[in-house]
Amino acid sequence: KAGVTQTPRYLIKTRGQQVTLSCSPISGHRSVSWYQQTPGQGLQFLFEYFSETQRNKGNFPGRFSGRQFSNSRSEMNVSTLELGDSALYLCASSTGTGVDYEQYFGPGTRLTVT
Amino acid sequence: AQSVTQLDSQVPVFEEAPVELRCNYSSSVSVYLFWYVQYPNQGLQLLLKYLSGSTLVKGINGFEAEFNKSQTSFHLRKPSVHISDTAEYFCAVIPSSGGSYIPTFGRGTSLIVHP
């Protein structure tokens, strides 16, 4: 079974720009969650999509948004980038139905904002 | 709401020595418990989980953890570590009721194995 894939793996952007990150979940998984990982704040939950609907949301500003497509692939968008948005963005997929509660993580996208 | 505290941010240990990584949690409801590992430049990978049953849980790579409800702890142990165990380890909880499947993670413990 293919794992979770994220593209791109590395990204360098300038303050004020916007960025879109992509995540392809494990086949059959309907839930995709996004996390921001930084040395200072650790792993912080951004949002979860289940069957194309945002089901849970973390405490991040509206500049962070996402969506999920009918094939469960998900995208995350950050508008008006700030230096503090530099982080590793992790995507995780799961069944989303409480079958095993395990989250399967992708390798992440390393975003650097200059 | 839940919270997870990993008591040590960094644990240095020599190869073949035993190790314990500590995790305590706080929750007003029962929880399921997890340990994940993150190797450099990779995502997180599940080591083991406790959903119900025996409080001693065995996972991959020789790791095990014990759920202690009275102490609200879920410490991770390995009797003999290898250099390849050097990684970041995360403890996480999910409430067992309420329909949320989103884990709350601790801040992580960096395990550094020296030769």
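Scroll up a little and you will see the structure.
Residues numbered from 1 in each chain as written. Chains lettered and ligands numbered in written order. Predicted model: local features only at pLDDT ≥ 70, side-chain atom pairs only at ≥ 80, totals over all residues. Heavy atoms only, no water.

*Asks:* Even after reading the chapter, I still don't get the overall build of chain A, so can you show me in this structure?
*Replies:* Within chain A, the secondary structure is distributed over zero helices and 11 strands. Over its C-alpha atoms chain A spans a radius of gyration of 13 Å, differing by no more than 12% from the 13 Å that the globule rule assigns to 114 residues. Each principal axis of the C-alpha distribution contributes one length, and for chain A these read about 40 × 25 × 25 Å. Burial statistics for chain A: of 114 residues in total, 51% are counted as buried. Summing over all exposed atoms, chain A offers an accessible surface of approximately 5,200 Å²; the carbon and sulfur share of this is 48%. (Helix = DSSP H or I, 4+ residues; strand = E, 2+ residues; numbered from the N terminus. Rg over C-alpha atoms; globule rule 2.2 N^0.38 Å. Buried < 20%, exposed > 50% of the residue type's maximum accessible area, 1.4 Å probe, protein only. Areas by Shrake-Rupley, 256 points an atom, 1.4 Å probe, with all protein chains shown as cover.)

*Asks:* What exactly am I supposed to notice about the sheet that holds strand 7 (residues 64-68) of chain A here?
*Replies:* Residue and element names in this part refer to chain A. Strands sit in the order 1-3-8-7 across an open sheet of four strands; the sheet is antiparallel. Two strands in the sheet have a free side with no partner beyond their single neighbour: strand 1 (5-7) and strand 7. On average, each strand axis in the sheet is tilted by 20° relative to the strand beside it, whichever way the strands run. The pairing of strand 3 (residues 19-24) with strand 8 (residues 74-78) spans five bridges and is classified as antiparallel. From the neighbouring strand, Thr20 faces strand 8, where its bridge partner is Asn77. (Pairing = 2+ DSSP bridges. Axes fitted to C-alpha atoms, helices over the stretch in contact; angles between N-to-C directions.)

*Asks:* Is there a simple way to think about the state of the cysteines in this case?
*Replies:* Working definition: the covalent bond between the sulfur atoms of two cysteines is a disulfide. According to the stated counting rule, one finds two disulfides over all chains in the structure shown. Covalently, Cys23(A) is tied to Cys91(A) through a disulfide, its sulfur atoms 1.7 Å apart. Here the S-S torsion is close to -40°, and the disulfide linking Cys23(A) with Cys91(A) is therefore left-handed. Placement of Cys23(A) in strand 3 and of Cys91(A) in strand 9 (residues 87-94) is noted, with a sequence separation of 68 residues between them. Judged by its relative accessible area of 0%, Cys91(A) falls in the buried class. Disulfide pairing places Cys23(B) opposite Cys91(B) at an S-S distance of 2.0 Å. Taking the sign of the S-S torsion, about -65° here, the bridge from Cys23(B) to Cys91(B) comes out left-handed. Highlighted residues: Cys23(B) in strand 4 (residues 23-26) and Cys91(B) in strand 10 (residues 87-95), separated in sequence by 68 residues. (Disulfide = S-S within 2.5 Å.)

*Asks:* Got a minute to help me understand the pairing of strand 12 (residues 109-114) of chain B in this structure?
*Replies:* Strand residues, when the strand is regular, have side chains that alternate between the two faces of the sheet. All names here are of chain B. Bridge analysis of strand 2 (residues 10-14) against strand 12 gives five bridges, and the strand direction is parallel. Bridge pairing in strand 12 places Gln10 opposite Ser110. Note: strand 10 against strand 12, three bridges, orientation antiparallel. Within strand 12, the position partnered with Tyr89 by the bridge is Thr109.

*Asks:* Just checking my understanding: could you explain the pattern of salt bridges for this structure?
*Replies:* It is possible for side chains of opposite charge to pair when their charged atoms get near one another. All names here are of chain B. Counted under the stated rule, the structure contains 10 salt bridges over all chains. Measuring nitrogen to oxygen at the nearest pair gives 2.8 Å for the salt bridge that ties Lys58 to Glu64. On the basis of relative accessibility, which here comes to 61%, the residue Lys58 falls in the exposed class. Notably, a salt bridge pairs Arg77 with Glu66, separated by 3.7 Å at the nearest N-O pair. Taken together, the residues Arg77 in strand 9 (residues 73-78) and Glu66 in strand 8 (residues 64-68) connect sequence positions 11 residues apart. Residue classification places Glu66 among the partly exposed residues on the basis of a relative accessible area of 34%. (Salt bridge = Lys/Arg side-chain N within 4 Å of Asp/Glu carboxyl O.)

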